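Here's the letter readout for the chains.
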Amino acid sequence: LQTDYAKNGNSIVFVSLLRAQARNGKMNETIAACEDYEATGMFRDQLDWTCGKFYLQAGKHQRAEPLILRTVEAFPRDAWRRLDLAMLHARTGRREEARTEFEEARRLERLPFVREVMFALELIELYPHDRERMLEARRHLEKALEIQPRAAQAKQLLDRLESRL
């Protein structure tokens, strides 16, 4: 069913199904659906980006890379796509490329609280064992929450960071 949605061009429904599966803890099914989509040989930016993000989340970096690169090439001024590329580089040990992409993502992002979250993510991804950097990441997340107290992503990330400190 999911592949039918992908093949027939109903990207919105397919992306919604993928996100629902992942949210319900069915990452294996989500990855399988993305693999089926990839096998169609079709290029749909939103699907590439969504599947690239799920591959990244699942640690399937080789599968994620071409999809994320393609979506960044299609939308080079999109801060969120740049952020995903930065995360990919960080998780594959390409620290300099990661730093460059994190900086570009922050430069492109208009919302100050999101820039703070992005800065915290950079520190967490690049320096996971450096306590001082983790404390700096905490400060960025706290600042993000001062700016936008209802920022759920910042709150979740801060809670996860606090459990590590």
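Residues numbered from 1 in each chain as written. Predicted model: local features only at pLDDT ≥ 70, side-chain atom pairs only at ≥ 80, totals over all residues. Heavy atoms only, no water.

Caption draft 1: Examining the nonpolar core more closely. Phe102 and Leu141 are the most contacted members of the largest nonpolar core, which has 49 residues in total. When residues in this core are grouped by element, the largest group, nine residues, is from helix α8 (residues 112-126). Excluding residues within four positions of it along the chain, Phe102 makes contact with Leu83, Ala86, Met87, Ala90, Met118, Leu121, Glu122, Glu125 and Leu126. (Core = buried A, V, L, I, M, F, W, Y, C linked by side-chain atoms within 4.5 Å. Buried < 20%, exposed > 50% of the residue type's maximum accessible area, 1.4 Å probe, protein only. Helix = DSSP H or I, 4+ residues; strand = E, 2+ residues; numbered from the N terminus. Contact = heavy atoms within 4.5 Å.)

Caption draft 2: Representation of the pattern of salt bridges in the model. Under the definition given, this model contains 15 salt bridges. Among the ionic pairs, Asp45 bridges to Arg81, the shortest N-O distance being 2.6 Å. Here the residue Asp45 occupies a position in helix α4 (residues 45-57), and Arg81 occupies one in helix α6 (residues 79-91), the gap between them amounting to 36 residues. Like Arg81, Asp45 is buried. (Salt bridge = Lys/Arg side-chain N within 4 Å of Asp/Glu carboxyl O.)

Caption draft 3: Geometry of the layout of surface pockets. By volume, the largest pocket is sized at about 850 Å³. Forming the boundary of the largest pocket are 23 residues, of which Lys53, Gln57, Asp84, Met87 and Gln153 lie nearest the centre. If you list the elements that add at least two residues to the lining of the largest pocket, you get α2 (11-23), α4, α6, α8 and α10 (152-164). Among the elements that line the lining of the largest pocket, the one with the most residues is α4, at seven residues. Split by residue class, the lining of the largest pocket holds 11 nonpolar, five polar and seven charged. (1 Å grid on protein atoms, 1.4 Å probe; cavity = no way out; pocket = protein on both sides within 12 Å on 5 of 7 lines; lining within 4 Å. Points joined across faces, edges and corners; volume = space filled by probe spheres on them. Nonpolar A, V, L, I, M, F, W, Y, C, P; charged D, E, K, R; others polar.)

Caption draft 4: Highlighting the packing of α2 against helix α3 (residues 27-39). Close contact between α2 and α3 brings their axes to 7 Å; oriented N to C, the two are set at 155 degrees. As far as their axial angle goes, α3 and α2 are roughly antiparallel. Crossing geometry of α2 relative to α3 is assigned as left-handed. Only Met27, Glu29, Thr30, Ala33, Cys34 and Tyr37 of α3 make contact with α2, whose side of the interface consists of Phe14, Leu18, Gln21 and Ala22. In terms of residue class, the contact of α2 with α3 is made up of seven nonpolar, two polar and one charged. (Axes fitted to C-alpha atoms, helices over the stretch in contact; angles between N-to-C directions. Parallel < 35°, antiparallel > 145°, perpendicular 65-115°, else oblique. Left-handed = near helix turned anticlockwise from the far one by under 90°.)

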